[in-house]
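# Inside the fold
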Amino acid sequence: MGGTASTHKLIRDDGKRYDGRAVDELRPITIQAGVLKRADGSAYVTWGDNKVLAAVYGPREVHPRHLQNPARAIVQARYNMASFSVSERKRPGPDRRSQEISKIISEAFEAVVFVEQFPRTTVDVFIEVLQADAGTRCAGLTAASVALADAGVPMRDLIPACASGKVENTVVCDLNKEEDNCGEADLPMAIIPRTGEFLLLQMDGHFTYDELMQAMEYNIKALNHIYQLQKEALRKKYATVQLEEPFVLPKREEPAPGPEVDLNREEPVEPPEAPGPTGAPAEMDRDSQGGA
Ligand code: ADP
């Protein structure tokens, strides 16, 4: 939320946004569950130009041990933006922003995972932003939630997240990078869809009361849609295909029968040639006489 001036109008004269979206329109989202073999659970999300991978391990023993909680599991999320995820190389490693995002994501998941069932353990959640275009904390939460379900970690519900905001005095759904950088306000939000409880609500910039209500309404509509996509991604991975007819292997083709052979029939035997005067076959006798 830089508030810097954009090189072009973010809201066009026809009321649409410069990328052609309506004010209440999300960017295209795809979610794929179970994309990594080594992790206990994983998910890959593309969200407009964002590309985010999430992997989950656990519940497993906590190291170092002093972090163990004898009453429940801890959730340790690590959000990381790859150096190549933004147009200017990002310095690798944790910074204040990634630590803040890791903390809010850990807290959101501690509220939905049944942590009391796994004392002394940790559930580790890794979020890698491969390409960033604003809204990455929300894309990360959305992906991590599917990865946790894919790992079989018991949870109250999946968590969808989305960030709406304000650009050129217009409230818009799901800010992209240009809108985030040049806009006036940003409202990332995550809820538990089944209960409507808030798990994440951050606000950067200034909204009037009505604008804030409008941004929340856009977010809630978006979250319901993202929730369906999350469930669909898990259904796709775990769907069992039921055949309508029992499947029978096709019969092996028998080779065409050849001419019948009577194995008991005796073949006629040619009589041997009569011996010559020397006792050898007549042909050899003739040769030896010619040579003398
Ligand atoms: P979110 O990605 O959740 O919207 P921010 O509002 O902090 O989080 O960041 C908005 C966008 O700004 C990011 O998605 C990314 O495209 C860009 N950005 C953030 N940090 C950096 C950075 N260190 N270098 C370059 N771009 C960045």
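See the structure above.
All of the points below concern the structure found in this document.

So, how was this worked out
The residue numbering used here restarts from 1 in each chain and proceeds along that chain's sequence as written. Where totals are concerned, whole chains, interfaces and linings use all residues; where local detail is concerned, this predicted model gives features only for residues with pLDDT of at least 70, and gives and counts side-chain atom pairs only at 80 or more. In computing side-chain properties, one takes all heavy atoms of the structure into account and sets aside hydrogens as well as water. Secondary structure is summarised from DSSP: a helix means a run of H or I of at least four residues, a strand means a run of E of at least two, and numbering begins at the N terminus for each. Relative accessible area decides the class of each residue, using a 1.4 Å probe on protein chains only: under 20% of the type maximum gives buried, over 50% gives exposed, and in between gives partly exposed. Areas reported as accessible are Shrake-Rupley estimates using a 1.4 Å probe. Residue values count occlusion only from the protein chains shown. Put plainly, a pocket is an open set of points on a 1 Å grid over the protein atoms alone with protein on both sides within 12 Å along at least five of seven lines, a cavity is a set where a 1.4 Å probe fits but cannot get out, and a lining residue has an atom within 4 Å of a point. Grid points are joined across faces, edges and corners, and a volume is the space filled by probe spheres set on the points. Note on residue classes: Ala, Val, Leu, Ile, Met, Phe, Trp, Tyr, Cys and Pro are nonpolar, Asp, Glu, Lys and Arg are charged, and everything else, Gly too, is polar. Side-chain atoms alone can form a polar contact between residues adjacent in sequence; in general such a contact is a pair of N or O atoms within 3.5 Å, and within protein one must be able to donate a hydrogen while the other accepts it. Any pair of residues with heavy atoms lying within 4.5 Å of one another is described as a contacting pair. Helix axes are fitted only over the stretch in contact, all axes being lines through C-alpha atoms; the angle between N-to-C directions runs from 0 to 180 degrees. In this scheme the crossing of two helices becomes right-handed for a clockwise turn of the near helix relative to the far one and left-handed for an anticlockwise turn of less than a right angle. Nonpolar side chains (Val, Leu, Ile, Met, Phe, Trp, Tyr) within 5 Å and like charges within 9 Å form the patches, drawn only from residues with over 30% relative accessible area and no salt bridge. The working definition used for a salt bridge is a side-chain nitrogen of Lys or Arg within 4 Å of a carboxyl oxygen of Asp or Glu.

## Comments concerning the overall build of the protein chain
Of the regular secondary structure elements, the protein chain holds five helices and ten strands. Taken across its 292 residues, the protein chain has 41% of its residues classed as buried. Just so you have it, the protein chain exposes about 17,600 Å², and 53% of that area is on carbon and sulfur atoms.

## Section: unusual backbone geometry
For the bond from G58 to P59, the omega torsion is 0°, close enough to zero to count as cis. The topology assignment puts P59 in strand β3 (residues 50–61). Cis geometry marks the peptide bond from H63 to P64, where omega comes out at 0°. On the secondary structure map, P64 appears in the loop between β3 and β4 (74–81). Phi is positive for N169, close to 65°, though the residue is something other than glycine.

## Quick notes on the layout of surface pockets
Over the atoms rolls a probe the size of a water molecule, and in doing so it shows where empty space is left. Here the largest pocket is characterised by a volume of approximately 480 Å³. What lines the largest pocket is a set of 25 residues, among which R97, A134, T136, R137 and D180 lie closest to the centre. When contributions to the lining of the largest pocket are tallied by element, the ones reaching two or more residues are α1 (96–110), α2 (136–150), α3 (177–182) and β8 (185–192). Of the residues assigned to the lining of the largest pocket, the class counts are nine nonpolar, five polar and eleven charged.

## What about the side chain of S102?
Residue position: S102 is located in helix α1. Only 2.9 Å separates the side chain of S102 from the backbone nitrogen of Y79, close enough to count as a polar contact. Not counting residues within four places of it along the chain, the set of residues in contact with S102 comprises A77, R78 and Y79.

## Here's the deal with the packing of α2 against helix α4 (residues 209–238)
It is the contact of α2 with α4, at a shortest axis distance of 10 Å, that shows an interaxial angle of 35°. Viewed along their axes, α2 and α4 form a crossing whose handedness is right-handed. Contacts between α2 and α4 involve T142, S145, V146, A149 and D150 from the first element and I226, Q230, L234, K237 and Y238 from the second. Of the residues in the contact of α2 with α4, the class split is five nonpolar, three polar and two charged.

## Considering a nonpolar patch on the surface
A cluster of nonpolar side chains, F198, L201 and I220, forms an exposed patch at the surface whose accessible area comes to about 260 Å². Structurally, I220 is set in helix α4. Classification of I220 by relative accessible area gives partly exposed; the value is 36%.

Coordinates in, geometry out; function isn't part of it.
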